[in-house]
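Here is what each chain is made of, one letter per residue.
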Amino acid sequence: MSVSGELIGKGLPLLDGLEKVAGKVVFTADLKLPGMLCARALRSPHAHARVREIDVSRAKKVTGVRAIVTGLDMSFPKYSVAGQPVLDERLLTREVRYIGDEVAVVAAVDDDAAAEALHAIRVEYEELPAVFDSLEAMAPGAPLVHGDQESNIPHKMEFSRGDVDRGFKESAVIVEESFRTPLQYHGYLEPHAAVAQWEAGEKVTLWIPMQSPTLGRITYSTALGVREDQVRIIQMPIGGAFGGKLEYKLHALCALISRVAGQPVKMVNTREEDFRAGLPRVPMRVRMKLGVRRDGTLAAKETEIVADSGAYVNYAHGILLSACHRHDNLYRIQNLRTKGFLVYTNKVATGCFRGFGNPQIHFAYESILDMAAAELNMDPVEFRLRNATQTGDITPHGWKVLSCGLSDCIRQSAQAADWGKKRRAERSGERFARGVGIACCLHVSGNRTFLPFFDGASSYIRINEQGRAIVFIGETDLGQGARTAFAQIAAHELSIAPEDVSVSMVDTDISPHGLGTFGDRATTLGGNAVRLAAIDAREKLFAIAATQLALAPGDLEVASGKIYSKAEPEKNLTVAEAAKLGWAQLAGGLITGHGVYFPPDVTMVDKKTKYGNISCAYPFAAQVAEVEVDRMTGRVKVISMVAAHDLGKAINPLLAEGQIQGAVAQGIGFALMEDMGLKDGKVRNCSFERYNMPRIKDMPPVKSILIESDDPNGPYGAKGLAEPALTPTAPAIANAIYHAVGARIRELPITPEKLLAALREKDGK
Amino acid sequence: MIDKVRITVNGFQWEGRVKPGQTLLEVLRDTMGLTGAKKGCDQGECGACVVLLNGRPVNSCLILAIDVDGDEVTTVEGLVGDEAGIIKEAFVQAGAVQCGFCSPGMILAVKALLDQSPDPAAEDVEEAISGHLCRCTGYSRIVQAVKQAAVKLNSMKGTEG
């Protein structure tokens, strides 16, 4: 290869880090446009009701009010998120389906006036029967959340592999258990926000912090009843996303009210609204039956998942599919039978959250594995090693595992946690008891299961006449440092300094229309696209240099910003000089490299059987938790976490470890602390005071171990990381608690109340 | 009713009218355009709006602008100079920043901490940051960054002294 950039594997700090810590980054809520109004949404106080009448006469008289739109003013088209076939939402509704559903939107000269106008709107509701429990919602005769649908089950799936009955017959141990996971709120520090402005009422520009401007543009144009190219999205810096900012209704509502008002409008959720009407993690009920042979090999598994979608589907269909079949590929197991149901209830609609269904199902799977290991009297580490998927495996779902560091993850995390010694340590009956537990997971690097369009990524790179590069790509930076990683890749291939590369924020009028950042796709797919674009640009620079130096392009190499002859290095010119020549030769056109990456051998899954290789690279992980349980109070303290992650290749170890640290914190919250408390469909803890997210004092030391399995499809071998880094945390903690005190908690979060009840039950036996 | 207040903000005198219910955060952001202070919750629970009031960190969303008449306020925009630069640089180098939304408030809290105790123990750092939520980093890098900044600041002061 004709490069010597040597940047891959370097722990460069965020290139935009100083701007961030200096408070100079302009977030959406900081934006001001001339004549800009503030808008607020009126949200339903009822879980299920028909909107009979809306009286806005008093609200219109509030000083400063400029526009009000209600669901009764016009008929809004039905829509859902991009590619989801059950259209079940409207921008403003005439039938509210959860406490928080939007019925009207008001724009005023300032936020106070908009808030005052909201109070002045009178809505007459006719209350309808509501259903809050997912199992009750599935029962015949349950109130329909969507009256125009036949049932409360918008999506279901069923598939099997191998011979499940025979597998259970071969089993020496069969464990059957039920598990539940809660509503978890993303807790990004920046609440949802948008700014909208229309040109001549024909084209709207939206400034929004979002993960997928392309998917959002498809959704919002449908919701607004306009063409896609009438919506331009300019991506703003994202103050934390974690799946919650893939796309969001507030963005389209902001466009709607801006069009009616004829002025630019800003809309920002209050924190309470963000709790009430965000898109939290899909709660799941899982029933799982696992059969294991005497030798410890997995024989058969039956799984049934009921996923609580809340009032609308959003992305929960994809999340359910992921929960139904992703974990089956973690260990070698041939006989599988799975049923999944997505169920509407009159609660906040749920959506994507780091892990996309995987943390929910892995809590069940990794817990039941430990229960089976206990019955077999096998060490959980040995048990997992015996069954771990290996490089070269083709799984029963058709996944082609081209690189797999799972066994290394298990071994190295166990070793770093001093597993053998701690596992064998005498369990005392004293008040404070310690235990260690392990859990594993896998993920994807881009996910071809639920989006019908394409998979892959595209990038172009423009070299300016000073030899500096601008990277354009559709994959967004959520704060994890994607822009830094992309700059690193481009600089590596072009052999220029990473500071001389800037990565443009997505602008749908300029950037490629990539799918965005989710499903751990940014580094692997986006990184490949940037790499190819940089190589293309480099070849164009070589062509110019070759003419200038009277050599053939194949005679050239580039290093330290210089293009030179391999045979006679004194014949050279700088990248900047070549770029300047290119600028002149192209009459100002500038050198542009183009990279298109399609992941090879990846297909959409079969609609019915769900069979298919859904990703080009599969990351794996194992985490070990050590906990201390207080038998008297039921409190659990996490003493330490070891997180070993097969990420293929750490393009930037500093940022990679940052993803692990942050994800483990969210995983600890999921395991022990976080639960949106609902009563009659109303979230009771809509504030950071009452919704308990980990603070600095809740965090144990987290040791991260990076396992580099060098995937053949990953750019420089790199696979995804940020999502699987959360997934094993909760089951590892649950398994450690069992090891400490012998109590098995099947419902997250593991609160002191649940643990005390389990300890009482156990001692009573 | 609208009242006039006089505040020293980042070393400059500011005089203007504020509404009785207006918070310091709103005046900083909306009136003065100092958007480095962030509105994360507006209830004093996340720390994203922290500024220094007479040198001490406060949640500016909990303070009425009318109550700071005659006081000195420092926002992240006013945190300039070598010492502040070392703290910011340490945050970036240690990977203590990801999305950056909580960072300005934390930087101010850390500045106040290091002004008070130049060689803080890990518990002091935890105490200073305990009112700040960060959902990206898991906090450990923040403790590292503060320690690295403290070492650099102390050696700088040592060479000066």
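**Q** Help me understand the sheet that holds strand β4 (residues 56-59) of chain B, please; the structure alone is not making it clear to me.
**A** The pairing of strands in a sheet happens through backbone hydrogen bonds and is either parallel or antiparallel. Residues and elements named next belong to chain B. Ordered in space as β2-β1-β5-β3-β4, the five strands form an open sheet in which the pairing is mixed. Edge positions in the open sheet fall to β2 (12-18) and β4, since each of these has one partner strand only. Mean inter-strand twist for the sheet, computed between neighbouring axes without regard to direction, equals 40°. Here strand β1 (residues 3-9) runs beside strand β5 (residues 72-74); their pairing, made up of two bridges, is parallel.

**Q** Explain the interface of chain B and chain A here, please?
**A** In many reports, interface size means the accessible area that the parts give up when they come together. The interface of chain B with chain A comprises 37 residues on the first partner and 42 residues on the second. Broken down by secondary-structure element, the contributors of at least two residues to the side of chain B that touches chain A are α2 (82-94), α3 (103-116), α4 (122-129) and α5 (140-160) of chain B. Counting residues per element, the side of chain B that touches chain A draws most heavily on α2 of chain B, which supplies four residues. Considered class by class, the residues forming the side of chain B that touches chain A number 16 nonpolar, 13 polar and eight charged.

**Q** What is the right way to look at the domain arrangement of chain B in this model?
**A** Residues and elements named next belong to chain B. If you check the domain split of chain B, you get domain 1 (3-78) and domain 2 (82-160). Domain 1 and domain 2 are separated by 22 Å when their C-alpha centres are compared. Across the contact, 15 residues belong to domain 1 and twelve residues belong to domain 2. The set of elements that each furnish at least two residues to the side of domain 1 that touches domain 2 consists of β3 (50-53) and β4. It is β3 that provides the largest number of residues to the side of domain 1 that touches domain 2, a total of three residues. Considered class by class, the residues forming the side of domain 1 that touches domain 2 number nine nonpolar, four polar and two charged.

**Q** Help me out: how do you make sense of the domain arrangement of chain A in this one?
**A** Residue and element names in this part refer to chain A. In terms of domains, chain A is made up of domain 1 (17-25 + 456-597), domain 2 (31-128 + 192-268) and domain 3 (353-446 + 611-764). Using only C-alpha atoms to locate each centre, domain 1 and domain 3 end up separated by 38 Å. Counting residues at the interface gives 15 residues for domain 1 and 20 residues for domain 3. When contributions to the side of domain 1 that touches domain 3 are tallied by element, the ones reaching two or more residues are α14 (482-494) and α15 (522-549). Counting residues per element, the side of domain 1 that touches domain 3 draws most heavily on α15, which supplies six residues. Residue classes in the side of domain 1 that touches domain 3 are distributed as three nonpolar, nine polar and three charged.

**Q** In this structure, what is going on with unusual backbone geometry? I would like to understand it.
**A** For residues other than glycine, phi is negative in most cases, and the peptide bonds are mostly trans. Each neighbour pair has its own omega, and for Leu748 of chain A with Pro749 of chain A the value is -10°, a cis peptide bond. Mapped onto the secondary structure, Pro749 of chain A falls in the loop between α18 (729-741) and α19 (752-764). For Asn314 of chain A, which is not glycine, the phi torsion reads 50° and is therefore positive. Inspection of the secondary structure puts Asn314 of chain A in the loop between β14 (298-310) and α9 (316-325). By the C-beta count within 10 Å, which is 26 here, Asn314 of chain A ends up buried. In this structure, Asn54 of chain B is a non-glycine residue whose phi angle is positive, near 50°. Inspection of the secondary structure puts Asn54 of chain B in the loop between β3 and β4.

Thresholds applied
Residues numbered from 1 in each chain as written. Chains lettered and ligands numbered in written order. Predicted model: local features only at pLDDT ≥ 70, side-chain atom pairs only at ≥ 80, totals over all residues. Pairing = 2+ DSSP bridges. Helix = DSSP H or I, 4+ residues; strand = E, 2+ residues; numbered from the N terminus. Axes fitted to C-alpha atoms, helices over the stretch in contact; angles between N-to-C directions. Contact = placed C-beta atoms within 7 Å. Nonpolar A, V, L, I, M, F, W, Y, C, P; charged D, E, K, R; others polar. Domains from an automatic or database assignment. Buried ≥ 20, exposed ≤ 12 C-beta atoms within 10 Å, placed from the backbone.

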